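Structure at a glance
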Amino acid sequence: MIPVEFDYVKVTSIEQALAALKSGGEDSKIISGGQSLLPVLRLRMAEPSVLVDCGGIDEMLGVRDDGDSITIGAATTHHGVMSNPLVQKHALLLAQATATVADPAIRHRGTTGGALAHADPAGDIPAAALALDTSFVIAGPGGRRTVAAKDFFLDYFTTAVGPDEILVSFSIPKCDWGSNYSKFNRTAQAWAIVGVAAVVNVQGGVIKEARIGLTNMAPTAVRASTVEAALVGAASPADITAAAMHAADGTRATSDLHAKADYREHLARVITARAVRAASGI
Amino acid sequence: MAHISVTVDGTSYQGEVEPRKLLVHWLREDIGRVGTVVGCDTSNCGACTVLLNGRSVKSCSVLAVQADGCEVTTIQGLADGNDWHPVQTAFKECHGLQCGYCTPGMVMAAVDLLSENPTPSESEIREGLEGNLCRCTGYHNIVKSVAYAADLMSAGPTKGAK
Amino acid sequence: MTAALETDTALGKPIRRKEDAHLLHGQTNWTDNIQLPGTVHMAILRSPMAHAKITKLDVSGALKQPGVVAAYGAKELGDLNGGVPCVWPVTDDIKMPAFPALAIDKVRQVGDCVAVVLATSVAAAVDALDSIVVSYDQLPAVTDMEAALESGSALVHDEIETNACYVYKMPCGDYEASRAKADVVVARRFINQRLIPTFMEPRSVVAAPMGMSDEITIWSSTQIPHVLRVLLALVTGIPENNLRVVAPDVGGGFGGKLQCYREEILVTNLAKKLGRPVKWTETRSENMVATHHGRDQIQDIEIAATKDGKILGLKVTLLANMGAYLQIITPGVPLLGMFMYPAIYKMDSYDFTCTGVFTNKTPTDAYRGAGRPESTYAIERIVDELAAEIGMEPMELRKKNWIKHEEFPFTTVAGLTYDTGNYEAATEKALAMFDYDGLRAEQAQRRAAGDPVQLGIGISTFTEMCGLAPSRTLGALKYVAGGWEHCTVRALPTGKIEVVTGTSPHGQGHETAWSQIASSILGVPVEDIEVIHSDTGRAPYGMDTYGSRSLAVGGQAIKAASERLVEKARVIAAHQLECSASDLEFVNGSFQVKGDPSKSQALGAVAFEAFTAHNLPPGVEPTLQAEATIDPEDFSYPHGTHLAALEVDTETGQVKLRKYVCVDDVGMQVNPMIVEGQVHGGVAQGIAQALFEGAEYDDDGNLLTASLADYLIPSAADLPSFETGSTVTPSTTHPLGTKGVGEAGAIASTPAIINGIVDALRHLGVTDVAMPASPQTVWRTIQAAKGGAK
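Scoring rules and cut-offs
- Residues numbered from 1 in each chain as written.
- Chains lettered and ligands numbered in written order.
- Predicted model: local features only at pLDDT ≥ 70, side-chain atom pairs only at ≥ 80, totals over all residues.
- Heavy atoms only, no water.
- Helix = DSSP H or I, 4+ residues; strand = E, 2+ residues; numbered from the N terminus.
- Rg over C-alpha atoms; globule rule 2.2 N^0.38 Å.
- Areas by Shrake-Rupley, 256 points an atom, 1.4 Å probe, with all protein chains shown as cover.
- Lys, Arg positive; Asp, Glu negative; His and termini not counted.
- Charge placed at Lys NZ, Arg CZ, Asp CG, Glu CD.
- Axes fitted to C-alpha atoms, helices over the stretch in contact; angles between N-to-C directions.
- Left-handed = near helix turned anticlockwise from the far one by under 90°.
- Contact = heavy atoms within 4.5 Å.
- Nonpolar A, V, L, I, M, F, W, Y, C, P; charged D, E, K, R; others polar.
- Pairing = 2+ DSSP bridges.
- Salt bridge = Lys/Arg side-chain N within 4 Å of Asp/Glu carboxyl O.
- Polar contact = N/O pair within 3.5 Å; in protein donor to acceptor, adjacent residues only side chain to side chain.
- Domains from an automatic or database assignment.
- Buried area = accessible area lost by both parts, 1.4 Å probe.
- Phe/Tyr/Trp six-rings, centres within 6.5 Å; stacked < 30°, edge-to-face > 60°.
- Buried < 20%, exposed > 50% of the residue type's maximum accessible area, 1.4 Å probe, protein only.
- Core = buried A, V, L, I, M, F, W, Y, C linked by side-chain atoms within 4.5 Å.
- pLDDT = per-residue confidence, 0-100.

Moving on, we get to the overall build of chain B. Counting its regular elements, chain B contains 5 helices and 5 strands. Here chain B has a C-alpha radius of gyration of 15 Å; the compact-globule value for 162 residues is 15 Å, and the two agree. Principal axes of the C-alpha set define a box for chain B whose edges measure 45 × 35 × 25 Å. Of the roughly 5,100 Å² of accessible surface on chain B, a fraction of 46% belongs to carbon and sulfur atoms. Charge-centre separation for chain B: the mean point of 12 positive side chains lies 7 Å from the mean point of 18 negative side chains.

This is how it looks when you write it as structure tokens:
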């Protein structure tokens, strides 16, 4: 299929991007890697009038060390993120989740910031971002603001990034806890039925703290906070399994072609236990 | 219309394109590089895989305007003329293709995989090719082909070049 | 066995393929690559509804759009709105509703063609579809076969007053008597789910009037250029002699390109009407709804046996989903399975009934195996269930009932005579490769330990019938075509050989394999042989490629034509060498006078003499060529033993295929490398049916698995490597001893996988699992067996 006609503007600065979004009005759309957008355009499920290409804005590219945290430009590709030494050292969970996105060719082109801003509930990155307490820098007509992870994902394909705004970068506090992203899907290429992103602080064989993000268990990625609380003090596989029984608490899993809600809830419990065990080494 | 300049298989091409034109359609329709093919419209099949600035991408999921200023390598530019790239040699030797429609993308994905990991294990090959669908081979001989290509390439730059 | 097979020829060698150089360098000739001057591109407005009245259709808006040359609905198209043909009316009273290329007044499936736009670019044609005004009055969709047969059901075709297309019965022996004698009767309902062929190259067709002649050339991504030419002539009224059909490089088919599609009819008619080339290439989204589907049968199967495991009889009652219309062999597909339910087993009686049912879904037709995967699945599943019922090892039960190798030729209860087979040898070899006993021991350990990951072993000892087949048999089944194949072999003056075949490859490697056959007889190197195919202008006679027939039938024609050419050459050579023809022996491509090797003439030299014709014997015509058209004596019957070891994660329901061993007996192998490749691909497709694929519809008749994002075909990361082996029991009804291999893997592997999953879980009370055995399905099956919820 062929997309509908649209105008294309390539910008090289955030300011140009914001100006282009403003002049394009509500039918304008940001593109960088385009790996989520282009299939949608080809199927004519979206018909934007202007595409603003932010793939060439230096500020949005690359990973930098900010001392207590690392900051990742929103237009850095998945491949760039997962193979980056800073990410591998300080935010391994993000590298693990990114490595499960689609396939290598798509990871060469698709951007991690794009996946976050797209906020597909079945996407792998948001759950990892939640578990890592990521914060997001959003630029808009009124300047820049920083949004915490808990306030970033609002609904299906909806984030705190407004239509006239752009996600510039996101920052992750350095985390040396054990981590694991477990993705459960039917084929390697398929979207997650359920994904579990876990970082776990283990001291002397006992879990001190854990942060768990869930993929595809609600209209947005969510934290499994009941599990997190129950994991404190866990020291055995049985403890972890017991804590993971709460994985579906408070979620709003939906039913689709590949899984009904009750099965998703069951899987969340099983996969959470496995992810926590892998992350904790217990 | 937008003006673009793209180097494809070593030759520089200039042209005016509609912004909506996909890179694969530009390759096929505008400059006649029909070796790269389209197999789906959801970026699942990978038949259209090319190298964009040296890395594999699905050319159905890149706009031609986005390739402005880039270098594209397709199956047709992998080896000069009638020469054989080791991956091409290996696919023939190991019967890694049947109908050949997935082959352009599969070969380019394999080239990319081997550039990043010159000695992949079987599971690394399988995972590295997860974005390229083949309906004929059951992948068995594709996996063998990539492993054999790795052997050919590690044996030296000239081995398997013909 | 012929002598040729025993000599040191190209036959039987894993020669690397001639086809590969161009495919690996992107120097390809797919139909969509063809860009003729003045081409107009066709875009199709398709129905978004499964069943609706078209209350309004106005294409005039499209005509005002930039680049648009023409636009048509059924009304505007008039007589050019040809009907899609069905060539297999299986019963005298079959209901065969019309299938116009563009829907008239009513749509009956999502994807039905409603209108077409022709424009100077694809984009312009697609854009203009939005300017067509169409309104629908939605009708209830018929989606469930059993409900479709109830009185009061909505009707897919009002004019035939029923959704039953036909009822076909084949009673063999007295099943009720067998049942009465039986100690054990096991009955199951299996759902052989709907599949989408999903060849990688989407369909494409270009038709062009050729200058001042009346000829129209049609390039189509088809498996059947010859059959298509005949059908297009019948449908369009264009004289057959004015039609040339070319299948250029074709990217897979698996039965999905064995068809005369509505788009092929439209493009041909519109090229003639507009007097310029017309082109259409489907998108994958169109492919999912508009290319025919496969399988989709409800199989009620009942097996009667003694308590010590002797099978007495079999009863099969099918509902076969036709979809909304009948396409080329839609009604006949279940009949191709009908003969094969008794499979490799001896029994006294067999009772078969099939009801074809219309629904508001995409039509079904041939998909890799066509009927035989369905029958093999049902018999191999029910045999396992019988084994469980009587407490017998499933392989032992098979051994007890299968036809022993010394009993061939054997006429089955279904009336087929299997010429040869050796199930013992294939099974013995497979078991040795598999480590059957070791895996059974591990399975016992895992069960005893209550391991959350259970191990299952799946068996499939299959046979199939290949090489459709003697024309008289096809006629008796009301199939409106023959089963012959043609070959012409030409020795050119320069010594090169042309093999003109009527088969039409799309990935099978015919150019290589056919060269090997001709080389083995003519003594000419494989590289000096050119195989000409898939173009009715260059290879005028043929019945094309499907049903694993190309080698089984076409191979015979190549052999016969090559041998005839040698005999003609022998006469010329004898004349040149001044001896009698009987004094010559033909060795390595050269005629030699017996006892005097110094006196010889190579085939190439004979060809040159035949070309100059300066000194030919009396009565011998110039040129050196020979042809053969062969109608096979019978079907051929490949068989094999496939064994799968699977790990089933009982906590998630996920199945991991750990090991897959198969030993296939496809008779004599022309090129074992190609044979192995065919087995790999078939096995993968059969595994995909078991684990991944299934076309799902909602109650309104919408296809839910309408893209490759939702219709899950496996990638390399989802499959293991396969361990393949073979035994060679040559067919005695085919002069080359070959049987056919294109479909074997897909026929055999599906039941091996499901038998393995059930085997892993049987101790939990599981007696069946639906396909595709997705993690959710397996998990729910375990829960249900445990007496848990849902």
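Further remarks concern the packing of helix 8 (residues 225–236) of chain C against helix 9 (residues 262–274) of chain C. All names here are of chain C. Taken N-terminus to C-terminus, the directions of helix 8 and helix 9 make an angle of 65°; their axes are 11 Å apart at the nearest point. Note on packing geometry: the crossing formed by helix 8 with helix 9 is right-handed. Along the contact surface, helix 8 presents Leu228, Leu232, Val235 and Thr236, while helix 9 presents Glu264, Ile265, Thr268 and Asn269. Here the contact of helix 8 with helix 9 is built from residues that sort into 4 nonpolar, 3 polar and 1 charged.

Residues and elements named next belong to chain A. Strand order across the open sheet formed by 5 strands is 4-5-10-6-7, with antiparallel pairing between neighbours. Unpaired on one side and paired on the other, strand 4 (63–65) and strand 7 (143–148) mark the two borders of the sheet. Looking at each pair of strands side by side, their axes are set apart by 25° on average, direction ignored. Direction of pairing for strand 5 (residues 69–73) relative to strand 10 (residues 166–173): antiparallel, over a ladder of 5 bridges. Paired with isoleucine 70 across the bridge in strand 10 is isoleucine 172. Packed onto the sheet, helix 1 (residues 14–24) meets strand 6 (135–140), strand 7 and strand 10 and runs at close to 135° relative to strand 10.

Attention now goes to the interface of chain C and chain A. Counting residues at the interface gives 28 residues for chain C, matched by 21 residues for chain A. One salt bridge in this structure joins arginine 274 of chain A and glutamate 651 of chain C, with 2.8 Å as the shortest N-O distance. Our enumeration of links across chain C and chain A arrives at 14 residue pairs in polar contact (both at pLDDT 80 or more). Mapped by element, the contributors of at least two residues to the side of chain C that touches chain A are helix 5 (122–129) and helix 22 (775–785) of chain C. By residue class, the composition of the side of chain C that touches chain A is 11 nonpolar, 8 polar and 9 charged.

Let us now look at the environment of alanine 154 of chain C. Residue and element names in this part refer to chain C. Relative to the assigned elements, alanine 154 resides in the loop between helix 6 (145–149) and strand 7 (164–172). The sequence separation of alanine 154 and glycine 737 amounts to 583 residues, and the corresponding C-alpha distance is 51 Å. Every residue in contact with alanine 154, bar those within four places of it in the chain, is listed here: Pro140, Val142 and Asn163.

All names here are of chain B. We note that the domain assignment places domain 1 (2–77) and domain 2 (86–154) within chain B. With centres defined by C-alpha atoms, the gap from domain 1 to domain 2 works out at 21 Å. At the junction of the two partners, domain 1 supplies 18 residues and domain 2 supplies 13 residues. Per-residue buried area on domain 1 facing domain 2 is highest for Thr49, Arg55 and Ile75; these three make up 38% of the total on that side. Our enumeration of links across domain 1 and domain 2 arrives at 2 salt bridges. With a closest N to O distance of 2.9 Å, aspartate 112 and arginine 55 form a salt bridge. At the boundary of domain 1 with domain 2, the tally comes to 9 residue pairs in polar contact (both at pLDDT 80 or more). If you list the elements that add at least two residues to the side of domain 1 that touches domain 2, you get strand 3 (49–52) and strand 4 (55–58). Here the side of domain 1 that touches domain 2 is composed, by residue class, of 7 nonpolar, 9 polar and 2 charged.

Moving on to the environment of isoleucine 753 of chain C. All names here are of chain C. Within the fold, isoleucine 753 resides in helix 21 (residues 744–761). Along the sequence, isoleucine 753 and leucine 657 sit 96 residues apart, while their C-alpha atoms lie 8.2 Å from each other. With residues near it in sequence (within four places) discarded, isoleucine 753 still touches Ala644, Leu646, Leu657, Tyr660, Ile687, Ala690 and Leu691.

Before going further, it helps to spend a moment on the interface of chain C and chain B. In this complex, chain C contributes 54 residues to the contact, which on the side of chain B involves 45 residues. Overall, the association of chain C and chain B removes approximately 4,200 Å² of surface from exposure, summing both partners, and the carbon and sulfur fraction of that is 56%. Taken as a group, Leu24, His25 and Met200 of chain C account for 19% of the area that chain C buries against chain B, more than any other trio of residues on that side. Connecting chain C to chain B are 4 salt bridges. Close ionic contact of glutamate 93 of chain B with arginine 16 of chain C constitutes a salt bridge, the shortest N to O distance being 3.1 Å. Across the contact surface, chain C and chain B share 26 residue pairs in polar contact (both at pLDDT 80 or more). Every element with two or more residues in the side of chain C that touches chain B is listed here: helix 2 (20–24), helix 5, helix 10 (284–290) and helix 20 (672–691) of chain C. Considering every element that reaches the side of chain C that touches chain B, the biggest residue donor is helix 20 of chain C, with 8 residues.

What follows concerns the packing of aromatic side chains. Residue and element names in this part refer to chain A. One pass over the structure, following the stated rule, counts 19 aromatic pairs over all chains. The interplanar angle of 5° and the centroid separation of 3.7 Å between the aromatic rings of phenylalanine 136 and phenylalanine 152 together place this pair among those described as stacked. Of this pair, phenylalanine 136 sits in strand 6 while phenylalanine 152 sits in helix 9 (residues 149–152), placing them 16 residues apart in sequence. A relative accessible area of 0% means that phenylalanine 152 is categorised as buried.

Grouped together as the largest cluster of nonpolar side chains are 207 residues, with contacts concentrated most on Phe91 of chain B together with Met42, Tyr350, Tyr660, Ile753 and Ile757 of chain C. If sequence neighbours within four positions are ignored, methionine 42 of chain C has contacts with Val116, Val117, Leu118, Glu263, Leu266, Val267, Leu270, Val278, Lys279 and Trp280 of chain C. By size, the runner-up hydrophobic cluster in this structure holds 54 residues, among which are Ala119, Phe152, Ile166 and Tyr181 of chain A.

Confidence along chain C averages 96 in pLDDT terms, with 99% of residues attaining 70 or more. A low-confidence stretch, residues 1–6 of chain C (pLDDT under 50), is modelled with 9 contacts involving residues beyond four sequence positions or located in other chains.

Moving on, we get to unusual backbone geometry. For the bond running from phenylalanine 408 of chain C to proline 409 of chain C, omega is -5°, close enough to zero to count as cis. Note that proline 409 of chain C resides in the loop between helix 13 (394–401) and strand 16 (410–411). The omega torsion of the bond from methionine 771 of chain C to proline 772 of chain C falls at -10°, within 30 degrees of zero and hence cis. Assignment of secondary structure puts proline 772 of chain C in the loop between helix 21 and helix 22. Located in the positive-phi region is histidine 95 of chain B, a residue other than glycine, with phi close to 55°. Among the structural elements, histidine 95 of chain B can be located in the loop between helix 2 (86–93) and helix 3 (103–116). Here the phi dihedral of alanine 613 of chain C falls at roughly 60°; this positive angle occurs in a residue that is not glycine.

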